[in-house]
Amino acid sequence: MPTPTSIDQITERVERLLLRHAELQRTNALLKQEIATLCAERDSLRSRLAAARARVDALLDRLPGQATGAPTVAPAVQEPPQ
């Protein structure tokens, strides 16, 4: 078998580099997709956290004995019997 020439060696290396490049492009695309999915999940969790904080704050506002010592919610008024 004849020894490979410089051109053959260069051609082989270029072909391997092209294959590696294509593989890296596919990997990069998959990673970008994963990043997009994780960012969407993060944004959803942030939104849920903000909603939960708002609910907790609303519940805390309804607790009696806040800074003024007076209830923040008026007591229920009972209707007189008829």
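Data block above holds the structure.
Reference entry: report on the structure contained in this document. (Residues numbered from 1 in each chain as written. Predicted model: local features only at pLDDT ≥ 70, side-chain atom pairs only at ≥ 80, totals over all residues. Heavy atoms only, no water.)

**Regarding the overall build of the protein**
Item 1. Helix and strand counts for the protein stand at one helix and zero strands.
Item 2. Within the structure as shown, the protein displays about 8000 Å² of accessible surface, and the carbon and sulfur contribution to it stands at 61%. (Helix = DSSP H or I, 4+ residues; strand = E, 2+ residues; numbered from the N terminus. Areas by Shrake-Rupley, 256 points an atom, 1.4 Å probe, with all protein chains shown as cover.)

**Quick look at the pattern of salt bridges**
Item 1. Within this structure, the stated rule accounts for two salt bridges.
Item 2. In this structure, Arg-20 and Glu-23 form a salt bridge, with 2.9 Å as the shortest nitrogen-oxygen distance. Of the two residues, Arg-20 and Glu-23 are both situated in helix H1 (residues 6–62); the distance of three residues between them amounts to about one turn of the helix.
Item 3. The exposure class of Arg-20 is partly exposed, given its relative accessible area of 42%.
Item 4. Glu-23 gets classed as partly exposed once you look at its relative accessible area, which sits at 37%.
Item 5. Note that Arg-42 is salt-bridged to Asp-43, the shortest N-O span being 3.0 Å.
Item 6. Judged by its relative accessible area of 36%, Arg-42 is partly exposed. (Salt bridge = Lys/Arg side-chain N within 4 Å of Asp/Glu carboxyl O. Buried < 20%, exposed > 50% of the residue type's maximum accessible area, 1.4 Å probe, protein only.)

**Notes on a nonpolar patch on the surface**
Item 1. Taken together, Ile-10, Val-14 and Leu-18 make up a surface patch of nonpolar side chains, about 290 Å² in accessible area.
Item 2. Mapping Val-14 onto the fold places it in helix H1.
Item 3. Its relative accessible area of 40% is what places Val-14 among the partly exposed residues. (Patch = residues over 30% accessible without salt bridge, like charges linked within 9 Å, V, L, I, M, F, W, Y side chains within 5 Å.)

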